[in-house]
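Coordinate inspection notes
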Amino acid sequence: MAVLSITEESRKITDAREITKYLSGIGIEYERWDTEGLRVGEDASEEKILEAYSTEIDELKRSGGYVTADVIDVSPETPGLDDMLAKFNKEHWHDEDEVRYIVKGHGLFHISPEKGPVVGIEMEAGDLIRVPKGTLHWFDLCADRTVRAIRLFQDPSGWTPHYTDSRNEDGYQPLCFSAVSG
Ligand SMILES: [Fe+2]
């Protein structure tokens, strides 16, 4: 179950439909592709995962102009994990959309919308998020330090973070609520 947190309003939303509605209001697409368990094993090969979700991936490619899809694997054993995380846990934006479908583990996105308070979105297996290009955001792992996700790209070489240097992230704890500790 994803958890949406609005720190400024001391509010948490756990209902998927309410999360979708709230995020849609700030330009973020959120949906669940699998509501009752994944259709493929969380440790399946990249090829099998992309095949299992090919219908949704093709639809996203059509609607969002994405040209490639892959699966990123992050675990506590990933070499250089902290250095990798340090690139994304500060407020930044990209010249293209950030699209992630979680198949294993967890991830915590914070979105800083043009209007309204910062929202935290704790993602788990079965959750899709599309953060449009130019949207200010940052990303943290949860206690399991594990995430496997399908990514889609409009330009495979163009996914570089641009930092705001706002230190906005310092005001929000990278805390996950539903993740098991690991
Ligand atoms: Fe990002």
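Attention in this report is confined to the structure presented alongside it.

Basis of the calculations
Here, residues in each chain are numbered from 1, in the same order as that chain's written sequence. With pLDDT at 70 or above as the cut-off, local features in this predicted model cover only qualifying residues; side-chain atom pairs require 80 or more to be listed or tallied, and sums for whole chains, interfaces and linings still use all residues. Each helix is a run of DSSP H or I of at least 4 residues and each strand a run of E of at least 2, with the numbering of both proceeding from the N terminus. Exposure is read from a count of other C-beta atoms within 10 Å of each residue's own; the residue is exposed at 12 or fewer, buried at 20 or more and partly exposed in between. C-beta atoms are placed from the backbone. Contact criterion: two residues are in contact if their C-beta atoms, reconstructed from the backbone, are within 7 Å. Two strands qualify as a pair provided DSSP detects at least 2 bridges between them. As used throughout, a nonpolar core is a set of buried Ala, Val, Leu, Ile, Met, Phe, Trp, Tyr and Cys residues joined through C-beta atoms within 7 Å of each other.

Observations concerning the overall build of the protein
Each helix and strand counted, the protein has four helices and 11 strands in total. Along the first, second and third principal axes, the C-alpha set of the protein runs to 40 × 35 × 35 Å. Counting all 182 residues of the protein, 34% fall into the buried class. Long-range pairs, those at least 24 residues apart, make up 77% of the contacts in the protein with a sequence separation of at least 6.

Structural notes on the pairing of strand E7 (residues 119-124)
Buried residues dominate E7, accounting for six of its six residues. Residues of E7 alternate between two faces, with Val119, Ile121 and Met123 on one and Gly120, Glu122 and Glu124 on the opposite face, all of them buried. Of the pairings in the sheet, the one linking strand E6 (residues 98-112) to E7 comprises six bridges and is antiparallel in character. Of the residues in E7, the one forming a bridge with isoleucine 111 is valine 119. Two successive antiparallel strands, E6 and E7, enclose a turn made up of six residues, where glycine 116 displays a positive phi of approximately 100°.

A closer look at the nonpolar core
Tyr101, Phe109, Ile111, Ile121, Ile129 and Ile150 are the most contacted members of the largest nonpolar core, which totals 35 residues. Of all the elements in the fold, those that place two or more residues in this core are helix H1 (16-25), helix H3 (54-64), E6, E7, strand E8 (127-131), strand E9 (136-140) and strand E10 (147-153). Looking at this core element by element, the count peaks at seven residues for E6. Not counting the four nearest positions on each side in its chain, isoleucine 129 is found in contact with Ile28, Tyr30, Arg100, Phe109, Ile121 and Met123.

Thoughts on unusual backbone geometry
Within the chain, aspartate 165 stands out as a residue other than glycine whose phi angle is a positive 55°. Inspection of the secondary structure puts aspartate 165 in the segment after strand E11 (162-163). One non-glycine residue, arginine 167, lies in the positive phi region at around 60°. Inspection of the secondary structure assignment puts arginine 167 in the segment after E11.

A few points about the environment of tryptophan 33
Within the secondary structure, tryptophan 33 is located in the loop between strand E3 (29-32) and helix H2 (46-52). You can call tryptophan 33 partly exposed: it has 18 C-beta atoms within 10 Å. In this structure the C-alpha to C-alpha distance between tryptophan 33 and alanine 125, which are 92 residues apart in sequence, comes to 9.5 Å. Excluding residues that lie within four positions of it along the chain, tryptophan 33 makes contacts with Tyr53, Glu56, Tyr101, Gly126 and Leu128.

Topic: the environment of glutamate 47
With respect to the element layout, glutamate 47 can be found in helix H2. Using a count of 9 C-beta atoms within 10 Å as the deciding quantity, one classes glutamate 47 as exposed. A C-alpha to C-alpha distance of 24 Å links glutamate 47 and glutamate 96, two positions 49 residues apart in sequence.

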